[in-house]
Amino acid sequence: KSFVNIMYGCNNFCSYCIVPYVRGRERSREPESVLEECKRLVDQGVQEITLLGQNVNSYRGGGSEFSELLRRVDALGVPRIRFMTSHPKDLSDELIQVMAEEPKICRHLHLPLQSGSTEILDKMNRRYTKESYLRLVDKLRAACPDISITTDIIVGFPGETEDDFLETMDVVRKVRYDSAYTFIYSKRTGTPAAVMENQVPEAVVKDRFNRLLEEVQTIAADVCSRFEGSIQDVLVEEVNHQDPELVTGRMSSNIVVHFKGDASLIGKIVPVKLTSCRNFYYIGEPVQA
């Protein structure tokens, strides 16, 4: 696996985030430069390339949009392509179409929610609403029914009420994320949110965080189990740390799989029957060709 930065900086100025102040405004690399780097990696035998940017959906290198760059990277012949992070306000129909049409693009999208409350999203300067986010998820699932969606959620943003928090819980239940990175809001000096009124008491934030975490984990365990009994391609990454007779890898959906094997399989894509779901990962058996 290898990672390729396609852009640097950020133009979004989310009110809780320091990134635009320390990394500057968005700067997209020229597509030829990105493609040259990716081609070198393919020639070296890299099996999976992840395209990186603070908001890859706003890539505009050489006048090209991100969906066009994805197609050109796909044409290089790398077996798997991932990308992150995607900002919901810039996720285009063209990008969804490319994901649906190109099987080498992994069936996984990290789509940060941050909050399910439209009012809090406005205070965060996220520039989308709860309703527009849910419509986006519906579009993604219509185009790619097998897609795994993961997210980021912040609990306790200044001014968040219990009703706002319940809006977040509502989105979690409707989307049914494969996993979610949950965070307690923390002040970043120099950001607008740091000086906002109505900072939420610590005890209230911790209670909400624990409730959210329980809901996310319960749903994710159920969602993960949908692949049990199927055969999936797994890119082997390493020998398992707990059991040296096992190797560990990831499916296209980014779910972790452990199965019997040795170090000679590292870097190979292996068909594996998923015999047992263990909440957030699988135990499997390699399928003989």
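Residues numbered from 1 in each chain as written. Predicted model: local features only at pLDDT ≥ 70, side-chain atom pairs only at ≥ 80, totals over all residues. Heavy atoms only, no water.

Chemist: Give me the sheet that holds strand E1 (residues 2-5): which residues, what numbers.
Modeler: On the basis of which strands lie adjacent, the open sheet formed by 3 strands has the order E1-E4-E5 and parallel pairing. Single-partner strands in this sheet number two, and they are E1 and strand E5 (80-84). Each adjacent strand pair in this sheet contributes to an overall mean axis angle of 25°, direction not counted. Both E1 and strand E4 (residues 48-52) contribute to a ladder of 4 bridges, which runs parallel. Residue pairing for E4: Phe3 is matched across the bridge by Thr50. Packing of helix H3 (residues 66-74) onto the sheet brings it into contact with E4 and E5, and relative to E5 it is tilted by some 155°. (Pairing = 2+ DSSP bridges. Helix = DSSP H or I, 4+ residues; strand = E, 2+ residues; numbered from the N terminus. Axes fitted to C-alpha atoms, helices over the stretch in contact; angles between N-to-C directions. Contact = heavy atoms within 4.5 Å.)

Chemist: Go over the pairing of E4, please, and point to the residues and values.
Modeler: The side chains of a regular strand alternate between the sheet's two faces. Buried residues dominate E4, accounting for 4 of its 5 residues. For E4 and E5, the ladder comprises 5 bridges, and the chain directions are parallel. Counterpart to Leu51 in the pairing with E5 is Phe83. Each parallel crossover has a hand, and the one from E4 via H3 to E5 is right-handed. (Buried < 20%, exposed > 50% of the residue type's maximum accessible area, 1.4 Å probe, protein only. Right-handed = clockwise from strand over helix to strand, strands pointing away.)

By themselves, these observations are geometric and do not establish any function.
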